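Survey of secondary and tertiary structure
Chain by chain, the residues:
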Amino acid sequence: MARKDPLSRAQEIEEQIKKLQEKQRKYIEQAQKEIGQYLMETWDIEDIEQAKLLIDEFKEEAKKYFGSGQNTEGSNGQKTSDQ
């Protein structure tokens, strides 16, 4: 079996990277869609604009909640007594 030249192999790797990036993009889009659907079903929202208003209303509170949780974890992943 003949060995492939390095440039040919590099091109194959580049194509694999592009395929994986596309696959990653699709997974992210699917996750976002599921999260949005869950939010609307859980909060019993039918109007997209209403959902956006609620998200904007709670945005800062969510940032504080998730930001403080990340900042107070010890090296073993447990919360410290700061909370």
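Rules behind the numbers
- Residues numbered from 1 in each chain as written.
- Predicted model: local features only at pLDDT ≥ 70, side-chain atom pairs only at ≥ 80, totals over all residues.
- Heavy atoms only, no water.
- Salt bridge = Lys/Arg side-chain N within 4 Å of Asp/Glu carboxyl O.
- Helix = DSSP H or I, 4+ residues; strand = E, 2+ residues; numbered from the N terminus.
- Buried < 20%, exposed > 50% of the residue type's maximum accessible area, 1.4 Å probe, protein only.
- UniProt positions renumbered as here; feature names shortened; annotations may be inferred.
- pLDDT = per-residue confidence, 0-100.
- Contact = heavy atoms within 4.5 Å.
- Phe/Tyr/Trp six-rings, centres within 6.5 Å; stacked < 30°, edge-to-face > 60°.

1. Description of the pattern of salt bridges
Tallied over the entire structure, the rule returns five salt bridges. Between Glu12 and Arg9 there is a salt bridge; the shortest N-O distance is 3.2 Å. Remark: Arg9 and Glu12 occur in helix 1 (residues 6-42); sequence separation between them is three residues, near one turn of the helix. For Arg9, a relative accessible area of 39% corresponds to the partly exposed category. One salt bridge in this structure joins Glu60 and Lys63, with 3.8 Å as the shortest N-O distance. Here the residue Glu60 and the residue Lys63 both occupy positions in helix 2 (residues 48-71), the gap between them amounting to three residues, near one helical turn. With relative accessibility at 52%, the residue Lys63 sits in the exposed group. In the salt-bridge network here, residues are joined through shared partners; they are Glu22, Arg25 and Glu29.

2. Quick word on the UniProt feature "coiled-coil region" (unreviewed entry) in the protein chain
UniProt records the feature "coiled-coil region" (unreviewed entry) at residues 10-37, using the numbering of this structure. Secondary structure over residues 10-37 splits into 100% helix and 0% strand, and the C-alpha atoms at its two ends are 41 Å apart.

3. With respect to the confidence of the model for the protein chain
Of all residues in the protein chain, 78% attain a pLDDT of 70 or more, and the chain-wide mean is 83. Ignoring residues within four places in sequence, the model shows residues 71-83, a span with pLDDT below 50, making twelve contacts including any to other chains.

4. Some details on the packing of aromatic side chains
The final tally for this structure, using the stated rule, is two aromatic pairs. When the centroid spacing of 6.0 Å and the interplanar angle of 65° are considered together, the rings of Trp43 and Phe58 count as edge-to-face. With Trp43 in the loop between helix 1 and helix 2 and Phe58 in helix 2, the pair connects residues that are 15 residues apart, well separated along the chain.

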